[in-house]
4 protein chains.
Amino acid sequence: MSALRPLFVVAGIGRAAGTGAAAARRFSKEGYSVALIARGEDSLNALSDEIKKGGGEAAPYCIPSYSADDITSAFTSISAQFPNSHYALRAALFNVGYAVWKPFLEVTAAEVQESLSTSVAAAFAFSRSAILKFKENKLDAENPKRGTLIFTGATASTRGNKMTSSFSSGKFGARALSQSLAKEFGKDGIHVAHAIIDGQIMTGAALERSRDQPLSGLSPESIAQAYMYLANQEKSAWTWELDLRPAQEQW
Amino acid sequence: MSALRPLFVVAGIGRAAGTGAAAARRFSKEGYSVALIARGEDSLNALSDEIKKGGGEAAPYCIPSYSADDITSAFTSISAQFPNSHYALRAALFNVGYAVWKPFLEVTAAEVQESLSTSVAAAFAFSRSAILKFKENKLDAENPKRGTLIFTGATASTRGNKMTSSFSSGKFGARALSQSLAKEFGKDGIHVAHAIIDGQIMTGAALERSRDQPLSGLSPESIAQAYMYLANQEKSAWTWELDLRPAQEQW
Amino acid sequence: MSALRPLFVVAGIGRAAGTGAAAARRFSKEGYSVALIARGEDSLNALSDEIKKGGGEAAPYCIPSYSADDITSAFTSISAQFPNSHYALRAALFNVGYAVWKPFLEVTAAEVQESLSTSVAAAFAFSRSAILKFKENKLDAENPKRGTLIFTGATASTRGNKMTSSFSSGKFGARALSQSLAKEFGKDGIHVAHAIIDGQIMTGAALERSRDQPLSGLSPESIAQAYMYLANQEKSAWTWELDLRPAQEQW
Amino acid sequence: MSALRPLFVVAGIGRAAGTGAAAARRFSKEGYSVALIARGEDSLNALSDEIKKGGGEAAPYCIPSYSADDITSAFTSISAQFPNSHYALRAALFNVGYAVWKPFLEVTAAEVQESLSTSVAAAFAFSRSAILKFKENKLDAENPKRGTLIFTGATASTRGNKMTSSFSSGKFGARALSQSLAKEFGKDGIHVAHAIIDGQIMTGAALERSRDQPLSGLSPESIAQAYMYLANQEKSAWTWELDLRPAQEQW
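Residues numbered from 1 in each chain as written. Chains lettered and ligands numbered in written order. Predicted model: local features only at pLDDT ≥ 70, side-chain atom pairs only at ≥ 80, totals over all residues. Heavy atoms only, no water.

Thoughts on the relation of the copies chain B and chain A
Here comes step 1: Mapping chain B onto chain A is achieved by rotating through 180° and translating by 0.0 Å along the same axis, at an RMSD of 0.0 Å. Overall, the copies show the geometry of a two-fold rotation axis.
Here comes step 2: Both copies present the same face, since 100% of the interface residues in chain B are matched by interface residues at the equivalent positions in chain A. (Least-squares fit on C-alpha atoms with pLDDT ≥ 70 in both. Contact = heavy atoms within 4.5 Å.)

So, in structure tokens, the structure goes:
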């Protein structure tokens, strides 16, 4: 890493209790400034404040939708607030998806559209902005890796199932994108990875409930640890894809 | 098959020289009436006329776009022209896609949108209409299979590559849909299959050019033969997915 | 096909009630002479007699084991009995496997060895003999395809599972072989295919039992039909792999 | 970790310049005692001496072959030298394979046998010994994970190719085993992982040669870092499989 402060951008925070938030906290702890993009203003601000209170640097970017325009606009704001003179985008996480679990005939055209927009089209826009920023980083002996772009995938990223026609169509699409990007930009020192989260993610409330029981899902912190590992992988051995699931999961 | 005449619907005809047209001709030869859905009116009408001149029954349905509304509307017209009193939809082929081969940073948001609409959202609408029609077919000893829905896939359906971010995102999405449908509707006697066309399809002009050379691509007729085999598979052994490539292909 | 009579060789007959036997009967009906290789003499002879009584041409080759030597020796006998002057090997089916369903710690070294010998090493020997015979067939306009080599795979060919460590190690291995062969010999007009039989195969007794119930497995005849389709695929569109499962299967 | 010293066992050291040796060095640095199993005595002893000189604890176990008996016997010796009173096996790496790159018709039956024995049968024996040792570790709040068993895979683990029929049959088989084990033993706190090394591994001489050129392969140290990460994964998010390849690799 250069003298520039590393920046981490994450899109998709939900209620600040899942993977996106855990990743933001983790990258902050490791010295990254964090830019948070999401639609829900309250959770976004709460997470940003929490990180700042913890001594980290964070900024929220609330967007009305995951449209290409809104994402591009968020990145413009991020670039202004975290200028290249002091910051270098080093890691980006696309943690957005639209999960619908319905029999096929109950899925509406609007839900299909929303799944494709959120899981795929937004992923294109986010990737474009992140890669363009990565390309501004110099590639030299000290910084052999320009940046790491990570996608949060799901079981539905590799298997269509009865209730997941619309969800998995979007997740498959994002996975295709991640593979294309990994192949195209590896030689430029840009690392693209896709994590298949194969199980239930234990968000705040769920974790609380299961405290006295055998753990039944993935902790967001463990996922964040995987993302940190990916961001730190040396250039001679990069992972495009890994799966993550609880020890006791049936699969 | 019952006394009702079997009907085959295909969406995606292109210039009437590729897979969709070959499938229409083949299903017509095997006794199916054929309903042709496409955007290009001239090719559509030419193919319809050609099939009728050859003694088959065909009807063209030109639609302005592959939107859910336009596809649903085409199926309404098809139902009127091929009423349940005399016809039974037995096979449907979704042969639509939007191939863009470009470096990622040159892909526009509009192209991403077009790929997702054409390859995925349209596939949802087409599948919905076809499955609802299949469900009108009685399931009995004589007709153990209500119908077969086939998707034309591509190499890009299972592998993202440098120049295919947008194309493969759409094709991955359609593949996820086909797998979800195969799992959900098999028990209802509705067979959903996905063919990975792993090579160049030799359309009219391409075939002409290669006449004196070793064949270098897939003939649409061979693909159509595979589709006919899928439509005829017995209920105890259905294929969800097969690959098709020329004998001499490097892969 | 030339004036030479087409020959079909199958290894793995079991009790003559499953896939191997159904394939032998089907290829016989389509005009192939059939050479049957198996270890169980009684079933082997019974099937051979049955085919001959039905007007077909068949010969049994009982081998003590699926060792390379025994398989090579069987092919030598087949070549003597079905000489190139009158016959041409056109299709070969490797239908052998060693299914052990056991918790890992109960699997013995001998069972591992047996699974690898039967599912993989024997497949190498069988493939070698079949391909060498195929290569004796002339490749010309009338016979663009020298021959088709088919492997019977299983669910365990693509997924290791709790009780299948030894079975799936063997089936994975055979699948790797089939893919290597498909890639190497396609340009020589030799077609290699792998069928994933994803469900219970309904052999004689099982079919009998289920007569009054909804069909719950794959009929060997439907699998044989798939194999015949593969053998007949035109050179411009060959399938390496397809899955086969009952319509109502949960997967 | 308990007060017991963690032990790492690795099988497959080659010339002590590749993945197995790098992993031994890395686990030693992280505080593991290391038990080295291999066939080549000189490299084995050299590596063991090197680790001991560096302040680590190491012991070589030279075996005549990777047969089940020889591997079991090595583990018996390891158990004697690293008794449960002071040591706990916490990680094991199966780094053995037999790479043959030949056209199929040149592959001998002996080579097939050697590939299956080395890549698969030996993996069964190694896994059995490692898992039985892991089961001796107590599973409690402080030690939620009994141990981690890692397999070194290759491109040939998931794709058969023209020259790799025998190599990939073995590597496919080992991958099946690793998946079966991951599914069976996860609930017991035993983590099984499979790394697909998708590229050339830069061993000593190769690294030396490329010093002034752009790095063209995987460094063993980067692979070892991935293995250390796998061994440290928290129980709520375990990886069965990840791929590793150089940034600039074409794939």
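More follows now that the structure is in view.
Considerations on the interface of chain D and chain B
Here comes step 1: Contacts between the two partners involve four residues from chain D and, on the opposite side, four residues from chain B.
Here comes step 2: For the pairing of chain D and chain B, the buried interface totals around 210 Å² over both sides, and the portion due to carbon and sulfur atoms is 12%.
Here comes step 3: The interface formed by chain D and chain B includes zero salt bridges.
Here comes step 4: For the pair chain D and chain B, the number of links is two residue pairs in polar contact (both at pLDDT 80 or more).
Here comes step 5: Broken down by class, the residue content of the side of chain D that touches chain B amounts to one nonpolar, two polar and one charged. (Buried area = accessible area lost by both parts, 1.4 Å probe. Salt bridge = Lys/Arg side-chain N within 4 Å of Asp/Glu carboxyl O. Polar contact = N/O pair within 3.5 Å; in protein donor to acceptor, adjacent residues only side chain to side chain. Nonpolar A, V, L, I, M, F, W, Y, C, P; charged D, E, K, R; others polar.)

Considering the environment of I51 of chain D
All names here are of chain D.
Here comes step 1: Looking at the element boundaries, I51 is found in helix α2 (residues 41-53).
Here comes step 2: As for I51 and S28, which are separated by 23 residues in sequence, their C-alpha atoms are 7.3 Å apart.
Here comes step 3: With residues near it in sequence (within four places) discarded, I51 still touches A24, R25, S28, V34, G56, E57 and A58. (Helix = DSSP H or I, 4+ residues; strand = E, 2+ residues; numbered from the N terminus.)

Brief notes about the relation of the copies chain D and chain B
Here comes step 1: Expressed as a screw operation, the relation of chain D to chain B combines 0.0 Å of axial shift with a rotation of 180°, fitting to an RMSD of 0.0 Å.
Here comes step 2: Here 100% of the interface residues in chain D have copies in chain B that are interface residues too; the copies meet face to matching face.

Re the packing of aromatic side chains
Here comes step 1: One pass over the structure, following the stated rule, counts 42 aromatic pairs over all chains.
Here comes step 2: Judged by centre distance (5.5 Å) and plane angle (70°), the rings of F75 of chain A and F126 of chain A are edge-to-face. Here F126 of chain A lies in helix α4 (residues 109-134) and F75 of chain A lies in helix α3 (residues 68-81), a separation of 51 residues in the sequence.
Here comes step 3: Aromatic pair F124 of chain C and F104 of chain D: ring centres 5.9 Å apart, planes at 35°, arrangement tilted. Here the residue F124 of chain C occupies a position in helix α4 (residues 109-134), and F104 of chain D occupies one in the loop between β4 (87-94) and α4 (109-134), the pair thus bridging two chains.
Here comes step 4: The rings of F75, F94, F126 and F151 of chain A are connected pair by pair, giving a single aromatic cluster.
Here comes step 5: Positioned above the aromatic ring of W251 of chain B, the side-chain terminus of K183 of chain C is 4.9 Å from the ring centre. (Phe/Tyr/Trp six-rings, centres within 6.5 Å; stacked < 30°, edge-to-face > 60°. Lys NZ or Arg CZ within 6 Å of the ring centre and 35° of its normal.)

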